[in-house]
Amino acid sequence: MAKTLLLLGGGHAHLPVLANLSGYRRAGISVTVAAPRYFWYSGMGPGMLGGMYSRTEATIDLADMVLKGSGVFYDDAAVAIDPFSKTVTLAGGEVLHFDAASINIGSGISLRAIPGMEYAASVKPVANLYRLHEQLDIVRPAELTAVVIGGGLAGIETAANLAGLLKELRCRWSCFLVLNGSEPAPGFPAGFRRRARRKLKRLGVTIISNATAIDISPESVLLNNGDRLESQLTLAATGVRPPDILAESGICVDDQGAILVGDTLQSVSHPFIFGGGDCINMADAPIARAGVHAVRQGSILRHNLSAFLSDRPLRTYRPPKKILLIANMGDRTGLANWGAITFAGPAAFWLKGWLDRRFMRRYVSK
Ligand SMILES: Cc1cc2nc3c(=O)[nH]c(=O)nc-3n(C[C@H](O)[C@H](O)[C@H](O)COP(=O)(O)OP(=O)(O)OC[C@H]3O[C@@H](n4cnc5c(N)ncnc54)[C@H](O)[C@@H]3O)c2cc1C
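Please read these numbers as outputs of a predicted model, since none were measured by experiment.

### So, the nonpolar core
Grouped together as the largest cluster of nonpolar side chains are 64 residues, with contacts concentrated most on Leu5, Leu15, Leu18, Leu62 and Ile103. Structurally, this core is a two-domain feature, drawing no fewer than three residues from each of domain 1 (3-107 + 241-309) and domain 2 (117-237). Excluding anything up to four places from it in sequence, Ile103 contacts Leu8, His14, Ile81, Leu246, Ile251, Ile259, Ile273, Phe274, Gly275, Gly276 and Cys279. In terms of nonpolar packing, the next biggest core, distinct from the first, is built from 52 residues, Ala120, Ile156, Leu177 and Ala211 among them.

This is the structure in C-alpha cells:
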C-alpha cells in the first residue's frame, strides 16, 4: 500500500519537495499538502511594499504546483497536530492521516507582544506588505506619520521601503523606527549597523534608540521613556516565533516553540516528523530565522522525506557558517552582509534582485 506523506505549510523549505512530487509518486508515496494556497516570497516582501514587485512576481500558486504533481491539496491551515495518532486537523474540520509528515509553517509576530497590537499591521505574513502597498496606493494620503517598531533587518527594510513609497506618492510624511537597543540590525557587524543608521537617516527615517513600545492606540505609540509618538500607521517588526500549535502538539520544541530537529531535519522526539524553515530549530546548533536556511533545508527535505519512506539513507543539513543577507533599502540600493564583509549601493540591490528572481524562476513554471 502507498505510504502517505503529509506536507504541512507551503513555505520556502517545502518548495523543492513540491517541485518533485512526480518523483514521490514514482516511489509509491502519495503526497497530501495542507497550506494556504499562495506562497509569498519573503525576499520580495519589502520590495512589494515599496512597489518594486507585483503580486504575480512574488507569489506561487501552490495548488497548481501540487495538482501538476498529482498530489492532493487542501487550501487550509492546520489547527492541531497529533503525533500519537499521526493525524492533523485542519481549520475546516478535515482530519488527515500520515505515515510521515513535514512541517514548514513559518513564524509570525505575536499579537500579544504589546498591548494594542491589534492597531498595528504586522510585517508577517509577508502578504501584509503587499496589502499595505495596495491600500496606500488607493488612498494616496496627503499626510502620514508612521511608526515601525523593531530594528532588525525586517524593520529596517520595512521603514526604508515605506519611506520610498510615501515619497513616490508625494505624501508629506514622517517615519519613526523604534529600536529597543542603541543601533539598528543588532547581531550584524559594526560596519553594517553604521551604514544602516546612516542610510535610514538619509532616507528621512527618524531612529528612536533605546526605547520600547509599551502601548499602541489607533493614533499613537507610547514608549517606555514616556514619549508618545503620533502614528496613523504602525507597523510591527518585533521579532517572530512559530505558531502555538507546535508546542501544543506534544512534539519536542525549544523555548520559542520551534520544533527541535536533528541534522537530518527529523524531530528529536518523533522521527517520522520532519521540518524546515522558521518553525524548526536545530537541537545541537541553534540557527537564526532566515529564509536562506529554509531554502537550503528544502533540498535536504526533498531527499530525506522520500528516503525515510523508502528505507534509504538520509542526508544531513549543515548550516553554512556565513549567510548572505541583503536588505532592500527602497531606493534601488541594497545593504549586504556576508560574514565580516559589508557592502552597499546599487550593486547590492542588483545582486539581491537577481538572486530573488532566479529563486522564483525555479518554481513558477513547475
Ligand atoms: C519583511 C521581511 C523581510 C525578510 N527578508 C529576508 C531576506 O531578505 N533574507 C532572508 O534570508 N530572510 C528574510 N526574512 C526572513 C524570512 O521571511 C523567513 O526566515 C522565511 O520566510 C522563513 O521561511 P519558512 O519557509 O519557514 O516560512 P514561510 O515562507 O513564512 O512559509 C510558511 C507557510 O506556512 C503557511 N502556514 C502558516 N501556518 C499554517 C498552518 N497552521 N497550517 C498550514 N500552513 C500554515 C503560511 O501560509 C506560509 O505559506 C524576512 C522576513 C521579513 C518579515
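Structure's up, so let's keep going.
### Describing the packing of helix α7 (residues 153-168) against helix α8 (residues 190-203)
Closest axis-to-axis distance for the α7/α8 pair is 10 Å, and the angle between their directions is 20 degrees. What the angle tells us is that α7 and α8 run roughly parallel. Crossing of α7 against α8: the hand is left-handed. Contact residues: Leu153, Ile156, Ala159, Ala160, Ala163 and Lys167 in α7; Phe192, Ala196, Leu200 and Leu203 in α8. Of the residues assigned to the contact of α7 with α8, the class counts are 9 nonpolar, no polar and 1 charged.

### Concerning unusual backbone geometry
With an omega dihedral of -5 degrees, the bond running from Lys124 to Pro125 counts as a cis peptide bond. Even without a glycine there, the phi angle at Ala185 is positive, about 60 degrees. Along the polypeptide, Ala185 turns up in the loop between β12 (172-178) and α8. Here the phi dihedral of Arg332 falls at roughly 65 degrees; this positive angle occurs in a residue that is not glycine.

### Concerning the site of the ligand
Taken together, 31 residues surround the ligand, and among them His12, Ala78, Asn104, Asp278 and Gly291 come closest. Here Ala78 contributes a backbone N or O atom positioned 2.9 Å from a nitrogen atom of the ligand. Contact with the protein chains removes 86% of the 1,000 Å² of surface that the ligand exposes when unbound. When contributions to the shell around the ligand are tallied by element, the ones reaching two or more residues are α7, α10 (291-309) and β21 (325-328). Here the shell around the ligand takes 3 residues from α10, the largest share from any one element. Here the shell around the ligand is built from residues that sort into 17 nonpolar, 9 polar and 5 charged. Each of two domains, domain 1 (3-107 + 241-309) and domain 2 (117-237), supplies a minimum of three residues to the shell around the ligand.

### Quick notes on the domain arrangement of the chain
Assigned domains of the chain: these are domain 1 (3-107 + 241-309) and domain 2 (117-237). Each of domain 1 and domain 2 was reduced to a C-alpha centroid, and the two centroids are 30 Å apart. Interface of domain 1 and domain 2: buried area, both sides summed, is about 1,200 Å²; carbon and sulfur atoms make up 70% of it. Taken as a group, Trp40, Pro46 and Leu49 account for 52% of the area that domain 1 buries against domain 2, more than any other trio of residues on that side. Along the contact surface separating domain 1 from domain 2 lie 1 salt bridge. Where Lys124 meets Asp278, a salt bridge forms, and the shortest distance between an N and an O atom there is 3.8 Å. The tally of links between domain 1 and domain 2 comes to 2 residue pairs in polar contact (both at pLDDT 80 or more).

### Looking at the side chain of Asn304
Topologically, Asn304 is positioned in helix α10. Overall, the relative accessible area of 0% leaves Asn304 in the buried class. There is a polar contact of 2.7 Å between the side chain of Asn304 and the backbone nitrogen of Arg315. When near neighbours in sequence (up to four residues on either side) are disregarded, Asn304 contacts Thr264, Phe274, Leu314 and Arg315.

### Examining the sheet that holds strand β15 (residues 220-223)
Note: strands within a sheet are paired through backbone hydrogen bonds, in either parallel or antiparallel orientation. Strand order in this open sheet of 3 strands is β14-β15-β16, and the pairing throughout is antiparallel. Looking along the sheet, the strands with just one partner apiece sit at the ends: β14 (213-216) and β16 (228-230). Geometrically, the sheet is characterised by an average inter-axis angle of 25 degrees between neighbouring strands, direction not taken into account. Across 3 bridges, β15 lies against β16 in antiparallel orientation. By the bridge assignment for β16, Ser220 is matched with Glu230.

### Some words on the sheet that holds β12
Pairing in this open sheet of 5 strands is parallel, and the strands run β10-β17-β11-β12-β13 from one edge to the other. Each having just a single partner strand, β10 (121-122) and β13 (205-208) make up the two edges of the open sheet. With 4 bridges joining them, β12 and β13 adopt parallel strand pairing. The partner of Leu177 across the bridge, within β13, is Ile207.

Rules used throughout
Residues numbered from 1 in each chain as written. Predicted model: local features only at pLDDT ≥ 70, side-chain atom pairs only at ≥ 80, totals over all residues. Heavy atoms only, no water. Core = buried A, V, L, I, M, F, W, Y, C linked by side-chain atoms within 4.5 Å. Buried < 20%, exposed > 50% of the residue type's maximum accessible area, 1.4 Å probe, protein only. Domains from an automatic or database assignment. Contact = heavy atoms within 4.5 Å. Axes fitted to C-alpha atoms, helices over the stretch in contact; angles between N-to-C directions. Helix = DSSP H or I, 4+ residues; strand = E, 2+ residues; numbered from the N terminus. Parallel < 35°, antiparallel > 145°, perpendicular 65-115°, else oblique. Left-handed = near helix turned anticlockwise from the far one by under 90°. Nonpolar A, V, L, I, M, F, W, Y, C, P; charged D, E, K, R; others polar. Near = heavy atom within 4 Å. Polar contact = N/O pair within 3.5 Å; in protein donor to acceptor, adjacent residues only side chain to side chain. Areas by Shrake-Rupley, 256 points an atom, 1.4 Å probe, with all protein chains shown as cover. Buried area = accessible area lost by both parts, 1.4 Å probe. Salt bridge = Lys/Arg side-chain N within 4 Å of Asp/Glu carboxyl O. Pairing = 2+ DSSP bridges.

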